[in-house]
Amino acid sequence: MLAASINPQHDRECAEMKARRARGEKLDSETRSTLMRCVCGTTFDSRNPAESYQHRAHITAAQTANGTRR
């Protein structure tokens, strides 16, 4: 009964997910994003030094102000 209620699109998605796992790939929901939002409101790529350097002072100051800086 249950198998009859599952649509073909769902079957294809499940098969694709199993194939990706078998190849050792991560699913889209499992990949980490390197994008961060600075306290100044700008979104930047934390893996790109040219983009992230200017925001270090903002982040450090905010962490010091709220006590999360170690």
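So, here's what we can say about the structure. (Residues numbered from 1 in each chain as written. Predicted model: local features only at pLDDT ≥ 70, side-chain atom pairs only at ≥ 80, totals over all residues. Heavy atoms only, no water.)

**Here we look at the overall build of the protein**
Using the following cut-off: Secondary structure elements follow DSSP: runs of H or I no shorter than four residues count as helices, runs of E no shorter than two count as strands, and numbering proceeds from the N terminus. Note on exposure labels: buried denotes an accessible area under 20% of the residue type's maximum, exposed denotes more than 50%, and partly exposed covers the range between, all computed with a 1.4 Å probe on protein chains only. Working rule for contacts: check all heavy atoms of both residues, and any pair within 4.5 Å makes them a contact. For accessible areas, the Shrake-Rupley method is used with a probe of radius 1.4 Å. Any residue's cover is judged against the shown protein chains and nothing else.
When helices and strands are tallied, the protein shows four helices and two strands. Each helix and strand of the protein, placed in order from N terminus to C terminus, yields the pattern α-α-β-β-α-α. Each of the 70 residues in the protein was classed as buried or not, and the buried ones make up 9%. At a minimum sequence separation of 6, the contacts of the protein that also span at least 24 residues come to 0%. Surface exposure of the protein reaches about 6200 Å², of which carbon and sulfur atoms provide 52%.

**Quick notes on the pattern of salt bridges**
Keep this limit in mind: Salt bridges, as used here, are contacts in which a Lys or Arg side-chain nitrogen is within 4 Å of a carboxyl oxygen on Asp or Glu.
Within the structure shown, the criterion is met by two salt bridges. When the shortest N-O distance is used, the salt bridge between Glu-25 and Arg-20 registers 3.4 Å. Here Glu-25 and Arg-23 are joined by a salt bridge, their closest N and O atoms 2.9 Å apart. Each member of the salt-bridge network shares a partner with another, and the members are Arg-20, Arg-23 and Glu-25.

**Some thoughts on helix α2 (residues 8-22)**
For clarity, the threshold we go by: For a helix, the expected span equals 1.5 Å multiplied by the residue count minus one.
When the terminal C-alpha atoms of α2 are compared, their 21 Å separation across 15 residues agrees well with the 21 Å that a helix rising 1.5 Å per residue should span. Gly-24 sits one or two positions beyond α2 and adopts a positive phi of about 85°.

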